[in-house]
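The primary structure of each chain is shown beneath.
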Amino acid sequence: MIEQRSLLLFIGCLLTAAAAAPSSSFDGTQCLYENCYCYLYSNNLTNIRCSAPSTANSTLEFPIELTNPTALFLNQKLKSNEFRIQILIIGSLRLIDNKLPDHTFRGYSIRTLYLFDNQLSEITSRALHGIRGLEILQLSEPSLDKIESDSFDDGLVASLVELKLIQTNLTNQKYESFLPELAKLANIKSLSLNYNELNYVSDNYFEAFRLLEMLDLSKNGLKFLGQNVFKYNINLRTLILDDNGIRNLQVDLYPALFWPHLNMNLRKLTLRMNRIERIDAEFVKLDALNHLDLSANNLREINGSYFKFLNNLDTLYLSNNRIEFVDADFGLYLSRVSYVYLHSNHLRRVPPMRFVNERRLKFIDLSNQMELSKLDDYAFQRKLDSDDGDDGDEYESDGLIVNLANNHIKEFTSKSFCTNESLNVNIKEITFNYKSIRNMNKCLLRQLASRQRVANMNSLMTSSFNRIVLRINADEQFSGAASNNSYSDVCSCSEFNQMALKYNIQLTGVCAERSLTLLDCANQLRPDDCFDKFGNEFICPYEIKLRQRFEKDEKTRQVGKIVLIAGLITGGVLLLLAFAVMAPFVARRTK
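Residue positions are given per chain, counting from 1 as you read along its sequence in written order. Side-chain atom pairs in this predicted model are given and counted only at pLDDT of 80 or more, local residue features only at pLDDT of at least 70, and totals for whole chains, interfaces and linings cover all residues. Each side-chain value is derived from all of the structure's non-hydrogen atoms; neither hydrogens nor water enter the calculation.

## Regarding the overall build of the protein
Then, in step 1: Helix numbering and strand numbering both begin at the N terminus, where a helix is a DSSP run of H or I of at least 4 residues and a strand a DSSP run of E of at least 2. The helix and strand inventory of the protein stands at 14 helices and 27 strands.
Then, in step 2: Note on exposure labels: buried denotes an accessible area under 20% of the residue type's maximum, exposed denotes more than 50%, and partly exposed covers the range between, all computed with a 1.4 Å probe on protein chains only. Taking all 591 residues of the protein together, 50% fall into the buried category.
Then, in step 3: Contacts are assigned to residue pairs with any non-hydrogen atoms lying within 4.5 Å of each other. In the protein, 71% of the contacts between residues at least 6 apart in sequence involve partners at least 24 apart.
Then, in step 4: Only the protein chains shown count as cover for residues, and the accessible areas themselves come from Shrake-Rupley with a 1.4 Å probe. When the accessible surface of the protein is totalled, it reaches about 27900 Å², and 51% of it is carbon and sulfur.

Put into structure tokens, the structure is as follows:
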């Protein structure tokens, strides 16, 4: 039922789009057959919906020929080259004998044909003959048991590029009976077999689809894939295996991926909602893979070496697992990653990222951890330069976005946002919940100051950089306190406002939304206290190092000036002495 509601929602969206299209005298007019209505999509494209009203209880028959002159005229227009049907949806109607008659759509130019819940039991040999230019065919017919020989004519075989057999109660036996006819569709590039009952995939299931680029096998009962199942799919780029019964990657999946063409071409692999509890060995070599989704499994730990053969991985999803531990080499093998999703796990610490290339890493989601309670020193430090030999300009990042919302971080160390390699850890935006930032010493914001601001404060070299965004989300504790104008919470926000202003940080969220300037917070921290009271406790070592170097250079310059002045003075004295010694001789010679 949930899936059916999703399909109906999809139809509703299509009809909404159609309703928003430019008006036409044909909008909402009956066409094609009884219970079918045309909606103008654009000047020469139309959508057609054929379905029973909700009160009809799927008793209306299809197809019933139209007789009124307007509909017949419109059908002539649809069969001409003047109009093309963008999408034809036929749903919840009662087909005569549970079949489509021969040549049901002959002469019509249709891009997408979508049939669902019509109790269609078989596709007869000539039911789909005569359709012009059909590119996408979706059948969501749970009663479909037979596809007769010669169901697809030459025109359909040539034009069809996407086939969806979704929610058809497709068992292995049924698919194998369909396969002789499906194998004729040699131009298929996208094949969706999700929401079915395939328990295994035999080696010949996709052999005929040599141009296949996308394969969706999600929500079946698959427990493993045969070694030769993708042997002939040399163009496969996207493989979706979500919500199956896969447990052991090394046994159930890896053998099917050991093909050189997959190494070169496969770009997206999703394994969401399986039963994977651990990764016992490295992923097979997939040089082209840039998107890997392992979310919603039962993983408990992550070893960076798992990914050492995924040399171009850009996006990694590990969310909604039970991950408690990420090893120290996590970033070492993810030098090209840009997006890491680790939300909704059991992490106690921020994963080590010291080897992740700063220029590439753009976003890390650490929200909603069950046990994340501390930010360690240098928690977000990455390496500054790539060791892979490229110039990196294409991947230059303007800063890292960190999501730490829905955590209760109780401890921030004095160097949490420091780095040993630059003036600034290069965070662009960071999100906390209020219950976390209440435990943060506001002097830590100094470490999040823009590079420009840090540089000016220390009279060091300047560098342009956008202001960091510090986002503070509300939580139950703050929301209740805010409604009562809690003195302590308001004053805590007031401190953040002062510090953010001082360090050129853009504060957003609950603290920025409240009017705080008129409230008297007697014991509020003054921004200068971060220097006067705490000294260098919250100053990063790299900044101190630059200060020391600056002071050393300044001393060197001062010594140079002194030496220069001394040299000038000494030279002047020597010149005067020389003049005094030579003056008598010059005077005698003149006489």
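## Comments concerning the pattern of salt bridges
Then, in step 1: The rule for a salt bridge is simple: a side-chain nitrogen of Lys or Arg has to be within 4 Å of a carboxyl oxygen of Asp or Glu. The final tally for this structure, using the stated rule, is 17 salt bridges.
Then, in step 2: E61 is the partner of R94 in a salt bridge, and the nearest nitrogen-oxygen pair spans 2.6 Å. Taken together, the positions of R94 in strand 6 (residues 94–95) and E61 in strand 4 (residues 61–62) put the pair 33 residues apart, joining distant regions of the chain.
Then, in step 3: When its relative accessible area of 29% is taken as the criterion, E61 is described as partly exposed.
Then, in step 4: Where E411 meets K374, a salt bridge forms, and the shortest distance between an N and an O atom there is 3.8 Å. Taken together, the positions of E411 in strand 24 (residues 411–412) and K374 in strand 22 (residues 374–375) put the pair 37 residues apart, joining distant regions of the chain.
Then, in step 5: A residue is classified by how much of its surface remains accessible, and E411, at 39% relative accessible area, is partly exposed.
Then, in step 6: Residue classification places K374 among the buried residues on the basis of a relative accessible area of 18%.
Then, in step 7: Where salt bridges share partners, they join R349, K374, D376 and E411 into one cluster.

## Details of the pairing of strand 23 (residues 400–404)
Then, in step 1: Most of strand 23 is tucked away, with 4 of its 5 residues classed as buried.
Then, in step 2: Only when DSSP finds a minimum of two bridges between them are two strands counted as paired. Sheet topology places strand 21 (residues 363–365) next to strand 23; 3 bridges connect them, and they run parallel. Paired with I364 across the strands is V402, a residue of strand 23.
Then, in step 3: Across 5 bridges, strand 23 lies against strand 25 (residues 427–433) in parallel orientation. Of the residues in strand 25, the one forming a bridge with I401 is E429.

## Some thoughts on the confidence of the model for the protein
Then, in step 1: pLDDT measures the predictor's confidence residue by residue and takes values from 0 up to 100. In the predicted model, the protein carries a mean pLDDT of 81, and 79% of its residues have values of at least 70.
Then, in step 2: Low pLDDT (under 50) marks residues 1–24, which in the prediction has 28 contacts with non-local residues, meaning those over four places away or in another chain.
Then, in step 3: Low confidence marks residues 386–396, where pLDDT is under 50. Its contacts with residues over four positions away, or in another chain, come to 12 contacts.

## Looking at the state of the cysteines
Then, in step 1: Any two cysteine sulfur atoms lying within 2.5 Å of each other are counted as a disulfide. Throughout the structure, instances matching the rule amount to 4 disulfides.
Then, in step 2: Covalent S-S linkage joins C36 and C50, the inter-sulfur distance amounting to 2.0 Å. Here C36 and C50 share a disulfide; its torsion about the S-S bond, 115°, makes the bridge right-handed. With a gap of 14 residues between them, C36 in strand 2 (residues 36–42) and C50 in strand 3 (residues 45–51) connect regions that are remote in the sequence. C50 carries the same exposure label as C36, and that label is buried.

## Some thoughts on a nonpolar patch on the surface
Then, in step 1: On the surface, a cluster of nonpolar side chains totalling about 480 Å² of accessible area is made up of I565, I569, V573, L574 and L577.
Then, in step 2: Within the element layout of this structure, L577 appears in helix 14 (residues 541–590). Nonpolar side chains (Val, Leu, Ile, Met, Phe, Trp, Tyr) within 5 Å and like charges within 9 Å form the patches, drawn only from residues with over 30% relative accessible area and no salt bridge.

## Structural notes on the nonpolar core
For soluble globular proteins, the rule of thumb is that nonpolar side chains tend to be buried together.
Then, in step 1: Among buried residues, the Ala, Val, Leu, Ile, Met, Phe, Trp, Tyr and Cys ones that are joined through side-chain atoms within 4.5 Å form a nonpolar core. The biggest cluster of nonpolar side chains holds 139 residues, and the ones touching the most others in it are Y175, F206, F230, F380, F417, I430 and F432.
Then, in step 2: In this view, F206 contacts Y175, L191, L193, V201, L215, L217, V229, F230 and N233; residues no more than four positions away in its chain are not counted.

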